[in-house]
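# Structural overview for review
The lines below spell out each chain.
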Amino acid sequence: FEDVTFTFSDLDHPTLKNINFTAMPGTTTAIVGSTGSGKSSIINLLPRFFDASVGKITVDGYDVRDFKLNDLRDKIGFVPQTAVLFKGTIRDNLRFGNDNATDDEMWEALRVAQAADFVSKLELGLDAPVAQGGKNFSGGQKQRLAIARALVKKPKVYVFDDSFSALDFKTDIRLRTALRTYAKDATIFVVAQRVSSILDAHQILVLEDGRIAGIGKHADLLKTCTVYQEIVASQLDPDEIKKSRELFTDFVREGGVS
């Protein structure tokens, strides 16, 4: 993102203002901020649901506006806040991410997404029916299936728009631990309401009123960014932060993930 400003109509009242950062392959960039701070606007600019009003966004050095739209979106696995499943089967839904996915690839994605356990217990497994909107699955199951669909795609960029909010704490940690290995060469963006989900991010963007109020790792922002301090204090006490980090470290160690 190079000096990106975005507005729906009035440049005097932009939704995003002077956004500058770089997200490298093999890293996770988390985005936090209050409602209306511009979190969703940033990630919606990546697949060109909207275009920057000022400045530019580049992928591998190329302006996103120079890509054919389908080519750009093929590089991105996007998991929205509200999981969307289509009527058909689990196999149909996963192959929406990759038409040529093998059964082994689909099961691998399901394992990473922490969905393999409940899918394997279904009588028809991958061929189990999915009602319109996924109404025959719980919120957490739908979210994990939507994540698996993005994983099957194996894109260069993953965008998780508050996609872990429907998961319980331990499932969230297991998924993020497995994702470190599965998507180790990809660029990952995580928009989060829950601070515990992004304590391990390589960089955290803290947004306030469409501007970057702070950027850095969790420990650094706790020292330097008042907005981040307030967000953390509203959600976690020091003991909870310590417990979250210890649990994540334990899961990484058990999984052999560096």
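The structure under discussion appears in the preceding block.
This report concerns the structure included in the present document. (Residues numbered from 1 in each chain as written. Predicted model: local features only at pLDDT ≥ 70, side-chain atom pairs only at ≥ 80, totals over all residues. Heavy atoms only, no water.)

Taking strand neighbours across the sheet as the criterion, the three strands line up as E2-E1-E4 in an open arrangement whose pairing is antiparallel. Each of the sheet's edge strands pairs with one partner strand only, and the pair in question is strand E2 (16-19) and strand E4 (54-56). Across this sheet, the average inter-strand angle for adjacent strands is 25°, counted without regard to direction. Pairing geometry for strand E1 (residues 2-6) and E2, over two bridges, is antiparallel. Bridging across to E2, Val4 finds its partner in Ile19. (Pairing = 2+ DSSP bridges. Helix = DSSP H or I, 4+ residues; strand = E, 2+ residues; numbered from the N terminus. Axes fitted to C-alpha atoms, helices over the stretch in contact; angles between N-to-C directions.)

Bringing the pattern of salt bridges into the picture now. Once their charged atoms are close, side chains differing in charge can pair, the charge on each being opposite to the other. Enumeration over the complete set of coordinates arrives at ten salt bridges. Of the charged contacts, one joins Arg194 and Asp172 as a salt bridge, the two residues approaching to 2.9 Å between their closest N and O atoms. Of the two residues, Arg194 sits in the loop between strand E11 (187-191) and strand E12 (203-208) while Asp172 sits in helix H7 (residues 169-182), which places them 22 residues apart along the sequence. The exposure class assigned to Arg194 is partly exposed, which follows from its relative accessible area of 24%. One connected set of salt bridges, linked through shared partners, spans Asp172, Arg176, Arg180, Arg194 and Asp200. (Salt bridge = Lys/Arg side-chain N within 4 Å of Asp/Glu carboxyl O. Buried < 20%, exposed > 50% of the residue type's maximum accessible area, 1.4 Å probe, protein only.)

On to the packing of aromatic side chains, then. Each aromatic ring pair is specified by the distance between its two centres and by the angle formed by the two planes. Tallied over the entire structure, the rule returns eleven aromatic pairs. Here the aromatic rings of Phe1 and Phe21 are separated by 4.7 Å at their centres, their planes lie at 15°, and the arrangement is stacked. One end of the pair, Phe1, is in the segment before E1; the other, Phe21, is in the loop between E2 and strand E3 (28-33), with 20 residues separating them in the sequence. As far as the burial class goes, Phe1 and Phe21 line up, both buried. Note on Tyr158 and Phe160: the rings are 5.9 Å apart at their centroids and 5° apart in plane angle, and the pair reads as stacked. (Phe/Tyr/Trp six-rings, centres within 6.5 Å; stacked < 30°, edge-to-face > 60°.)

Once that is clear, we can look at the side chain of Gln143. Here Gln143 lies in helix H6 (residues 139-153). The class for Gln143 is buried, based on a relative accessible area of 3%. A distance of 3.1 Å separates a polar side-chain atom of Gln143 from the backbone oxygen of Gln81. (Polar contact = N/O pair within 3.5 Å; in protein donor to acceptor, adjacent residues only side chain to side chain.)

All right, on to the pairing of strand E10 (residues 157-161) then. Of all five residues making up E10, five are buried, and the element is well covered by its neighbours. Burial of E10 is two-sided: the residues Val157, Val159 and Asp161 facing one way and the residues Tyr158 and Phe160 facing the other way are all buried. Looking at chain direction, strand E7 (residues 76-79) and E10 are connected through four bridges and run parallel. Residue pairing in the sheet places Val79 in a bridge with Phe160 of E10.

All right, on to unusual backbone geometry then. In this model, Asn18 sits at a positive phi of 50°, which is unusual for a non-glycine residue. Structurally, Asn18 is set in strand E2.

Okay, the packing of helix H4 (residues 103-112) against H7 next. Each pair of packed helices can be summarised by the angle the axes make with each other and by the distance between the axes. One way to put it is that H4 packs onto H7 with a least axis distance of 8 Å and a crossing angle of 135°. When the interaxial angle is binned, H4 and H7 end up oblique. Residues Glu108, Ala109 and Val112 of H4 form the contact with H7, whose participating residues are Leu175, Ala178, Leu179 and Tyr182. Among the residues making up the contact of H4 with H7, the classes are represented as six nonpolar, no polar and one charged. (Parallel < 35°, antiparallel > 145°, perpendicular 65-115°, else oblique. Contact = heavy atoms within 4.5 Å. Nonpolar A, V, L, I, M, F, W, Y, C, P; charged D, E, K, R; others polar.)

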